[in-house]
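Structural description and commentary
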Amino acid sequence: MFGLKIEDAIKYNENLKKYVYKKGDKLRINFKDKEALMEYNKTVLKVLFGLDIEFHKNGLIPTPINRYLFIKSTFETLKKLGIEKPNVLEIGTGHSAIISILIKKFYDAEVYATEVDEEFIDFAKRNIEKNKLDIKIINSKGKVIEGIKEIRDKKFDLIISYPPFYSKNSVASGRKFGGALAKEVELIGGGKFGEEFSFKIIEEGINFLNKKGVIALMMPKKPEERRKLIIEKMKDVGLDIEVDEIKTGNRLRYIIKGIKM
Ligand SMILES: C[S@@+](CC[C@H](N)C(=O)[O-])C[C@H]1O[C@@H](n2cnc3c(N)ncnc32)[C@H](O)[C@@H]1O
């Protein structure tokens, strides 16, 4: 399996050592400790992908290999459709800008990325500059796709997002959420199962998609209802569906791809 063992990670990053302990003869890191998680994921990005990434301490911390597999699966679909150099829009790139950065680093693509949180936007821009990549970061000002002036006249071959998918009653309020403290803005989504933000991406995205273009969304396994609703919505707007499962550690994620034929 593609990854970075803890014994190897500490060879590359001295700072990690203080978070490592032994269980039997195995090295472990407590990934519930956010500092430890950030330091380990930074190391993975550096060693496996040659990237320098800083995370905002109040944001959700992405799992690099999971995002890489999300992109790989999506670009395999694009390739099958004959699209080699896509025009890409990422919705909600976050403080790390990880999805857009991995796309730009490993694929030949023109990349636009939106985000709504000002602090996250500053972090994302710094991460992009540090890695000397050309990605256009746009402040969505709370919009999803329609009404964003920077992309008003654009069409895309790929609209990709790991969208906010929390149901109406989710609260951050300083407690643990998805293994990490999260900002309020990350805990939106709306609807009974957190599906509404994704619905907007699909409903608005269809008008910004080229022929053979793809809308790719990543979702956790549960709840199944949310995935079903998203697939139904994609079918409603006339997209063909492909679903992939990807596994990082013991976490299962679904890649839902809607293709405009
Ligand atoms: C689940 S996080 C994904 C972050 C990152 N792309 C990743 O893969 O880790 C969703 C992101 O969407 C952002 N967001 C929420 N509403 C938004 C909007 N209207 N426009 C753009 N981004 C938004 C949140 O601030 C958050 O950073």
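Reading the values: the criteria
- Residues numbered from 1 in each chain as written.
- Predicted model: local features only at pLDDT ≥ 70, side-chain atom pairs only at ≥ 80, totals over all residues.
- Helix = DSSP H or I, 4+ residues; strand = E, 2+ residues; numbered from the N terminus.
- Expected span 1.5 Å × (residues − 1).
- Buried ≥ 20, exposed ≤ 12 C-beta atoms within 10 Å, placed from the backbone.
- Contact = placed C-beta atoms within 7 Å.
- Pairing = 2+ DSSP bridges.
- Right-handed = clockwise from strand over helix to strand, strands pointing away.
- Core = buried A, V, L, I, M, F, W, Y, C linked by C-beta atoms within 7 Å.
- Axes fitted to C-alpha atoms, helices over the stretch in contact; angles between N-to-C directions.
- Parallel < 35°, antiparallel > 145°, perpendicular 65-115°, else oblique.
- Left-handed = near helix turned anticlockwise from the far one by under 90°.
- Nonpolar A, V, L, I, M, F, W, Y, C, P; charged D, E, K, R; others polar.

By secondary structure assignment, the location of Lys-72 is in helix α3 (residues 64-80). Between the C-alpha atoms of Lys-72 and Lys-222, which are 150 residues apart in sequence, the distance is 22 Å.

Taking 1.5 Å of rise per residue, the 16 residues of helix α2 (residues 34-49) would be expected to cover 22 Å, and the 21 Å separating its terminal C-alpha atoms lies within 8% of that figure. Residues Tyr-40, Asn-41, Lys-42, Thr-43, Val-44 and Leu-45 constitute the buried set of α2. Contact partners of the buried residues in α2: α1 (6-12), β2 (26-29) and α3. Of the residues flanking the end of α2, it is Gly-50, one or two places downstream, whose phi is positive at about 65°.

In this sheet, strand β4 (residues 110-115) lies alongside strand β3 (residues 87-90) in parallel orientation, the contact comprising 4 bridges. Directly across from Glu-90, in β4, lies its bridge partner Ala-113. Crossover connection from β3 via helix α4 (residues 98-106) to parallel β4: handedness right-handed. Pairing analysis gives 3 bridges linking β3 to strand β6 (residues 156-161), with the strands arranged parallel. When the bridges of β6 are listed, Leu-89 appears paired with Ile-159.

The next thing to look at is the nonpolar core. Counting 64 residues, the largest nonpolar core has Val-88, Leu-158, Ile-159, Ile-201, Ile-215 and Leu-217 as its most contacted members. With sequence-adjacent residues up to four places away left out, Leu-158 is seen in contact with Thr-74, Leu-78, Pro-86, Val-88, Gly-213, Val-214 and Ala-216.

Next up on the list: the sheet that holds β4. Strand order in this open sheet of 7 strands is β5-β4-β3-β6-β7-β9-β8, and the pairing throughout is mixed. The two strands at the open ends of the sheet, each matched to only one other strand, are β5 (135-139) and β8 (240-248). Ignoring which end each strand starts from, the neighbouring axes of this sheet average 20° apart. Direction of pairing for β8 relative to strand β9 (residues 251-259): antiparallel, over a ladder of 9 bridges.

What follows concerns the packing of α3 against α4. The interhelical angle for the contact between α3 and α4, taken along N-to-C directions, is 60°, at an axis separation of 10 Å. When the axes of α3 and α4 are compared, the pair comes out oblique. For the pair α3 and α4, the crossing hand works out as right-handed. On α4, the residues that touch Pro-64, Arg-67, Tyr-68 and Ile-71 of α3 are Ile-98, Ile-99, Leu-102 and Ile-103. For the contact of α3 with α4, the residue count by class is 7 nonpolar, no polar and 1 charged.

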